[in-house]
Structure formats: structure tokens, C-alpha cells
Amino acid sequence: MKRHWRNRSHDDESLPDLDSDTRSNRKFPLTRLMALFLFSLFLFSLTFLLPHPPIQSSPTKTLQLKQTQQGDISDSVELQKDKLLDGLLADGFDERSCRSRYHSVTYGKGLSGNPSSYLISRLRKYEALHKECGPYTESYNKTVRDLRSGHLGESPACKYVVWISYSGLGNRILTLASAFLYALLTNRVLLVDPGVDMVDLFCEPFPHVSWFLPPDFPLNSQFPNFDQKSDQCYGKMLKNKSTTNSMVPPSFVYLHLGHDYDDQDKLFFCDEDQTFLKKVPWLVVRTDNYFVPSLFLMPSFEQELSDLFPNKETVFHFLGRYLFHPTNKVWGLVSRYYQAYLANVDERVGIQIRVFDTGTGPFQHVLDQILACSLKDNLLPDVNRKGDVVSSSGKPKSKAVLMTSLSSGYFEKVRDMYWEYPTVTGEVVGIYQPSHEEYQQTEKQMHNQKAWAEMYLLSLTDMLVTSSWSTFGYVAQGLGGLKPWILYKPENGTAPDPPCQRAMSMEPCFHAPPFYDCKAKRGTDTGALVPHVRHCEDMSWGLKLVDNYSWQ
């Protein structure tokens, strides 16, 4: 300590020279201050050297922090899960190139039920196969060279289903889903004929590699000429028996599965014939049928389909939401209309009208049928034609009705009814119709873009009324996971009684199924073989899938 103070004194001497009294007066305070500083430093160091009890934070605050962190993570995971539709969709696409793919869920339309883990895993495996075998890959190029030469070398690594763009838009969507399921079941790659407008309507569903056929595909020019008389038609080959009995399969086979197909063409749905077709590298299919129900009647696919779709009525719902995403142009039509007219209401009702009668509408009996169905099942409120306003406390319930039809006449009459008279319930009802094209224009680009947008808008409603036989309605109900009220087809210009029936399931109807028992090789009622394949409500000879657990 003496050394220390001696040093301190030496420091003092280095200060500027002061008079002796002043230096004497300052010496004592400086030494006291230095001692206090050292003592404080010693106490401060003890806080680090000596053990001390842990800090007791508030349990409530700690729990709240953990809950907040877990909540943020949970919300993030849930948003990602919703965006990918419970894993149905693959992640990693550029969202700007196809905004509908991940944004459709923001309109409150998730999936109706959960896809099986097996379906999700098979879709990921298919995407890997498509990446390996899609257009201009090494495997594709080799298989195309064999196709050009007409001679098969060793068994190709990749085999294909080529879907020909054919018929109206609703039919195309349903048949493309059918072709994809067949490709999934047979480990083939689906390639799509772009036709005149498919690229303008639908985003690419698979990552990395396109599903559209390249313009230099060697069979492109032959698509318009393929029919039942073509030498490569499977039905004709069966009649001739020459090629099907050959040890060497042809390089490609044309499958004619349209509504006019014959008994030989229909043998496609027999396991024995699938054994032959399995060897063919390229299967080219033209169809206007949703042929999925008949795949469920084939023993070779039975277990796989059961694993993919434990609930049988979700086939098109899941495949449709996986495959069909409107392009940005079409999504603009959907999103602008929805935000303007459908977003801020309590309930949305869709009414899809397809009239097959000849003559110029609107027809009074069709209007009567629409209103009878909607009022009978409380989809729409009745009106008070005496004009008395129903008083209600608080904000009245609002309902938006989206009508789609080639004609504007039905929309105008229903709109005027709810404008001219108050509802008996006090509800506020708005009636909307996006377009009225007057007649179907299958090959017109904007016509089909509007049609696709309207199908999608109908799928976003809470309740849906559809017309018999209409693939437009089938697409809307399937995408939306809705069991619609189906308007019976009018006969002789009169409204049917009852006017409509609730659908058994959300699945579309197969309009032209085969009635053939492949094993017994005789005709049979294919709508009575298994519990989950029934005859359709709107077409007595058609077939549709139902959930055999919920429909007894």
C-alpha cells in the first residue's frame, strides 16, 4: 500500500505547480476518492466471483413468450400447409408465373377432406418420373427416335399417354384428369396436346418439365385423322387380330374412347387387354368421357385405387385441384369478379344453367324449375309480393347468387324479382352473371377463358345448383368439393316435379360407360357390381363414384 500511495504522490507532483496551501488542501480528498474507487471495484468483482441464486423470472411471462413463439411457428406451418393444400401441391414453383396455384386457398376454398399420404407420395414420384421422361429429356428423345423409325429396340425406360385436345372445355378438363389417373396407375408419363388454347388456359402442373407436347412431336399432324378406321386404332386391331397376336408390339396405339366407341374399343377396360397395352411405348387417346368409374371396376387397379383414394368420391376433387390452375389472365378474371361481387357477403350460391332445348330462350319452364328448386330447398329466400318490408334488428344477412348461362334472360328475371320485392326473411340478395355469350364457341380463346373463369367462380360458392348432363357443372362441383342440387332435364317443355335432386357425391358422371363383364365375357349392369360405383342421378345409364361409407 505504501508503494501505491507513493506512486500516487508522484502523480500529484506531475500536476501544474500550485501554491503550498492549495496542494495541501487537495491531497486528502484525492486519496479518499481513490480508496473509495478501489473498494467499489473490489465489491463489483465479487458479484462475478461468488455464486448467486438464479434469476426467478415470471412463469407467466415465460409461458407467454414460449406460446407466442410456438404460435408464430404454428401459424407459419399452417399457412404453408394450406397453401400446398395439405401436401397435394408441390412446393418450389415461381408464384408470379401462376398466381392461382398457391393463392386459391385465400378465397376460403381448401380441400374437402384430406388426401391420403399414399396419394401425396405417388404424386411426388410421378413428378420425378415426369422430370426424367418429359419433353426433350434424354429418355424422351430416345423413345421419339424409335417412334419415328417405327421399330422398337430394347424396352424403353419411359412410356407415355398422349392426350388429344378434343371437345368442349368441360369435357377436356374431365378427360384430362381421367388420362392422368390412368398414367399414374400404369407408370406412364402424360403429355398433352396443346390444341388451340390449352396453354392460355392452364398453368404447368408439374415442376421443371412441361406437360405439353413439343411442336415437333412426330404424330402431331396425324391427330385430326385418327378415328375408328385408323390402322393404329386398338378396336380395329382387335378385329384384325394380326397385331395384337404379334410378339412385337407396335410403336404406338390409338385409343378411341369417345362417346361413339364400339364394343372392341371398350375392351380397353379389361385387364387382359391392359396386359397387351402395357408393352406399347406410346398410347394416344381421344375421348370426351370421364372414364374414371370404369377404372375402379378393373381388378388389376383395385388395390392401388383404394390406397390412393380411401374416399372414392374425392378422385376428381383432388386430381382437379392438383392439375388445373388458371393462367394469370384467367385468374385475373376470377379474382376481380370475386372481390367485386362475392367476397363481402355471408353466403354464396351458384346456379349453373345449361339448356339443351332447341329454340330461342329464355324458357319460362326452365325459370320456373330453377326457382322451384332454389326455394324448395331453402337455397334462396322467397319474396313478399305484397311489397311489405320485413323489419329486422341489426344488419340483415347478405347472399350473393352467381348465375352462369349462355343467355342473360334467366339472370335478368331473377335479378328483377329480388329488386322489385323484399324477401320474406329480410335477407339482402344480389344476383350476378359474369357473361352471356349466347351460344357455345368452343374454339374461341376469350370464350373459353371466360368459361374457365366461371367454372372456377362457381366452385368458390357455398351451395351449388347445376344442370343435368352438363360437364361445365361437373367441373365446378368437383373443384369446389360440392354436392350440388341437380336440375332434372326438362321434357316436352315442362318443368319436372320434383325440380331437382341432391347429388350422391361430388364426382362427375361417366356418360357412356361399357356394360360388359370382362371375366364372364358377357353384358352386365356395371352400376351394380360394387358399392362405390352407382348410376348417375341425371343420366340413368351413366356411372359415378360414391363414398360407400356415407351413401347407403
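Presented here is an overview of the structure given in this document. Everything numeric in this text was worked out from a predicted model, so none of it was measured.

## Concerning the pairing of strand 3 (residues 252-256)
Put simply, side chains in a regular strand alternate between the two faces of the sheet. The buried fraction of strand 3 amounts to five of the five residues, a majority that puts the element mostly inside the structure. Side chains F252, Y254 and H256 project from strand 3 onto one buried face, and the interleaved V253 and L255 project onto a second face that is buried too. Bridge analysis of strand 3 against strand 4 (residues 282-286) gives five bridges, and the strand direction is parallel. Residue pairing across strands places L255 opposite V285, the latter belonging to strand 4.

## Topic: the sheet that holds strand 2 (residues 189-192)
Taking strand neighbours across the sheet as the criterion, the four strands line up as 2-1-4-3 in an open arrangement whose pairing is parallel. This sheet does not close on itself; its edge strands, each paired only once, are strand 2 and strand 3. Averaged over all pairs of adjacent strands, the angle between their axes in this sheet comes to 25 degrees, without regard to strand direction. Sheet topology places strand 1 (residues 160-163) next to strand 2; four bridges connect them, and they run parallel. Residue pairing for strand 2: V162 is matched across the bridge by L191.

## Thoughts on helix 13 (residues 299-308)
Residues of helix 13 that are buried include every one of F301, L305 and L308, and no others. Along the axis of helix 13, the buried positions cluster into a sector of 50 degrees, meaning they face one direction only. Exposed and facing more than 90 degrees away from the buried side of helix 13 are P299, E302 and Q303. Buried residues along helix 13 sit in contact with helix 5 (117-133), helix 7 (169-186), helix 11 (271-277) and helix 12 (292-295).

## A look at the state of the cysteines
Overall, the coordinates contain five disulfides when judged by the stated rule. Between the sulfur of C133 and that of C158 lies a disulfide, 1.9 Å long from S to S. On the sign convention where negative is left-handed, the bridge of C133 and C158, at about -60 degrees about the S-S bond, is left-handed. Placement of the pair is C133 in helix 5 and C158 in the loop between helix 6 (138-149) and strand 1, with a sequence separation of 25 residues. With respect to class, C133 is no different from C158; both count as buried. The residue that forms a disulfide with C270 is C518, at a sulfur-sulfur distance of 2.0 Å. In this structure, the disulfide formed by C270 and C518 twists by about -80 degrees around the S-S bond and is classed as left-handed. Residue C270 is located in the loop between helix 10 (263-266) and helix 11, and its partner C518 is located in the loop between strand 11 (516-517) and strand 12 (522-523); the two are separated by 248 residues in the primary sequence. With relative accessibility at 5%, the residue C270 sits in the buried group.

## Quick look at the side chain of H130
As for its position among the elements, H130 is in helix 5. In this structure H130 comes out as buried when scored by relative accessible area, which is 0%. Setting aside residues no more than four positions away along its own chain, H130 makes contact with V189, L190, L191, F206, V209, S210 and W211.

## A look at the packing of aromatic side chains
Evaluated as defined, the whole model comprises 34 aromatic pairs. On the basis of an interplanar angle of 20 degrees and a centroid distance of 5.1 Å, the ring pair of F226 and Y254 is categorised as stacked. Note that F226 is positioned in the loop between helix 8 (198-201) and helix 9 (234-240) and Y254 in strand 3, a separation of 28 residues in sequence. Y254 matches F226 in its accessibility class, with the two residues each being buried. Aromatic pair W331 and Y456: ring centres 5.5 Å apart, planes at 90 degrees, arrangement edge-to-face. Remark: Y456 occurs in helix 18 (residues 445-459) and W331 occurs in helix 15 (residues 328-342); sequence separation between them is 125 residues.

Quick notes on the rules
- Residues numbered from 1 in each chain as written.
- Predicted model: local features only at pLDDT ≥ 70, side-chain atom pairs only at ≥ 80, totals over all residues.
- Heavy atoms only, no water.
- Buried < 20%, exposed > 50% of the residue type's maximum accessible area, 1.4 Å probe, protein only.
- Helix = DSSP H or I, 4+ residues; strand = E, 2+ residues; numbered from the N terminus.
- Pairing = 2+ DSSP bridges.
- Axes fitted to C-alpha atoms, helices over the stretch in contact; angles between N-to-C directions.
- Arc of directions from axis to C-beta.
- Contact = heavy atoms within 4.5 Å.
- Disulfide = S-S within 2.5 Å.
- Phe/Tyr/Trp six-rings, centres within 6.5 Å; stacked < 30°, edge-to-face > 60°.

Function cannot be inferred from these measures alone, as they are strictly geometric.
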